[in-house]
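Observations on chain architecture
Listed here are the chains, written in short residue letters.
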Amino acid sequence: MVLIRRDLSLKRFNTFGIDVKASYFARAESIEEIVELLEDHRHYFPFYVIGGGSNILFTKNFGGLILQPAIKGINIIDNGPEHCIVETGAGENWDDFVRWAVENNLGGIENLSFIPGSTGSSPIQNIGAYGVEVKDVIERVNYLDLETLQFFSLSNSECDFGYRSSIFKNKLKNRVIITSVVFKLLHHPVLNTAYGNLQEEINRMGRADLCTVRNAVISIRKLKLPDPELTGNAGSFFKNPVIDAGSARELKERYHNMPVFPVSDDRTKIPAGWLIEQCGWKGKRFGNAGVHDKQALVLINCGNASGIEIMDLALKIKDSVFSQFGIKLETEVNIL
Ligand code: EPU
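Summarised in this report is the structure supplied together with it. One numbering rule holds for all chains: residues counted from 1, following each sequence as written. Restriction of local features to residues with pLDDT of at least 70 applies here, the model being predicted, together with a cutoff of 80 or more for giving and counting side-chain atom pairs; totals for whole chains, interfaces and linings are based on all residues. As a convention, hydrogens and water are excluded, and side-chain values are obtained from all of the structure's heavy atoms.

**A look at the pattern of salt bridges**
- Take a side-chain nitrogen of Lys or Arg and a carboxyl oxygen of Asp or Glu: if they are within 4 Å of each other, that pair is a salt bridge. One pass over the full model with this rule turns up eleven salt bridges.
- Of the charged contacts, one joins Asp209 and Arg207 as a salt bridge, the two residues approaching to 2.5 Å between their closest N and O atoms.
- Between Glu277 and Lys282 there is a salt bridge, and its shortest N-O distance comes to 3.1 Å.
- Taking the relative accessible area as the measure of exposure, Glu277 reaches 37% and is therefore partly exposed.
- Relative accessible area serves as the criterion here: at 30%, Lys282 is assigned to the partly exposed category.
- Within this structure, Asp96, Arg99 and Glu103 form a network of salt bridges that share partners. Per-residue accessibility, obtained with a 1.4 Å probe over protein chains only, is compared with the maximum for each type, and a residue is labelled buried under 20%, exposed over 50%, and partly exposed between these values.

This is how it looks when you write it as structure tokens:
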């Protein structure tokens with residue numbers, strides 16, 4: 001029997017640290033437990049599935065059942081000369097998995113070190129950092145359909161991965177529970193150290209191997225991003241906007257120091273953190289909601305912020321970026 005808790009505070013289940021309640025909350029430690037829960041209760045509640053709660057902003061109490069899949073396990077399912085195919089239960093902590101990979105000399109995810117959340121959530125928004133996205137190493141995603149209670153397995157190409165996006169944020173949004181993810185890790189990885197000051201940090205550490213890349217990424221993240229244990233946040237609050245290359249050129253003529261990253265011949269990515277900083281928001285605080293002083297893309301809970309306070313600040317930021325640059329920021333975090 002799965003334990004269903006009533007009127008539970010979700011404060012410790014979301015990295016923003018927002019204190020709202022769920023009418024019902026359950027952790028399911030196996031596929032059988034998930035199926036049992038859904039069979040017994042699916043007609044009664046709206047459901048919401050959370051992983052590590054690291055990419056969500058709760059704005060009010062949730063009147064249904066919050067389900068947290070806690071399926072564990074890191075299992076090698078095929079070990080060839082080039083690749084190691086590994087399946088992880090959706091409830092495995094993401095960074096524990098990265099550490100496991102690095103300790104076992106398996107490459108491909110070391111640049112994604114220290115990202116909060118679970119492995120089961122990693123494909124949903126196609127987590128990415130320092131030049132790597134998780135789609136680069138995902139073989140398959142296995143899930144249970146909440147409505148039909150049938151199991152499905154999608155190959156990488158069927159997941160429709162894009163920048164901070166996948167089929168699980170679009171067509172299958174709120175319709176599935178990811179039960180496990182299959183990764184293809186490399187025995188002889190080529191280190192990817194071109195992003196920002198990563199190479200500089202690695203040089204400072206004096207060696208170039210998986211463990212050094214992991215440590216360098218962790219040290220950069222610690223400098224720029226607030227520790228959710230101390231300051232509630234959900235990492236980047238907005239996506240970096242991708243605009244047409246012509247508009248980017250016009251803006252660049254007006255703002256010479258604007259960083260631009262061409263993503264194709266006709267599309268250019270602009271760092272939202274830069275846009276927000278230019279509008280004067282970096283380090284600003286409104287009541288209990290604030291903008292991180294070392295990375296303007298991160299909104300923070302300065303005390304006991306409500307989700308609405310964070311949202312109000314986000315809307316003010318969106319309005320001012322739009323009026324100064326004509327660019328509409330989209331939220332990266334899921335708002336509930
Ligand atoms: N920048 C500013 N001011 C700021 C922040 C950034 O001017 O306050 C400029 C910097 O000068 C830099 C550029 O923006 O040239 C990029 O900054 P950074 O390397 O910090 O990365 P980002 O584009 O702001 C993205 C991801 C992060 C990821 C980093 C590193 C998104 C939405 N965010 O941020 O992911 O860690 O790259 O790869 O794509 C997350 O998704 O939660 C997250 C933290």
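Alright, that's what it looks like, and here's the rest.
**Some words on the site of the ligand**
- A single heavy atom is enough: if one lies within 4 Å of a molecule or strand, its residue is considered near that molecule or strand. Around the ligand, the structure places 23 residues, and the nearest of them are Tyr130, Tyr163, Tyr195, Asn240 and Glu277.
- A 3.5 Å cut-off defines polar contacts: any pair of N or O atoms within that distance qualifies, except that in protein one atom must be a possible hydrogen donor and the other a possible acceptor, and neighbouring residues in sequence count only when both atoms are side-chain atoms. One nitrogen or oxygen atom from the side chain of Asn240 is found 2.8 Å from an oxygen atom belonging to the ligand.
- Ala296 places a main-chain nitrogen or oxygen 2.8 Å from an oxygen atom of the ligand.
- Taking 820 Å² as the accessible area of the ligand by itself, protein coverage stands at 83%. Throughout, the Shrake-Rupley method with a 1.4 Å probe supplies accessible areas, and for residues the shown protein chains are the sole cover considered.

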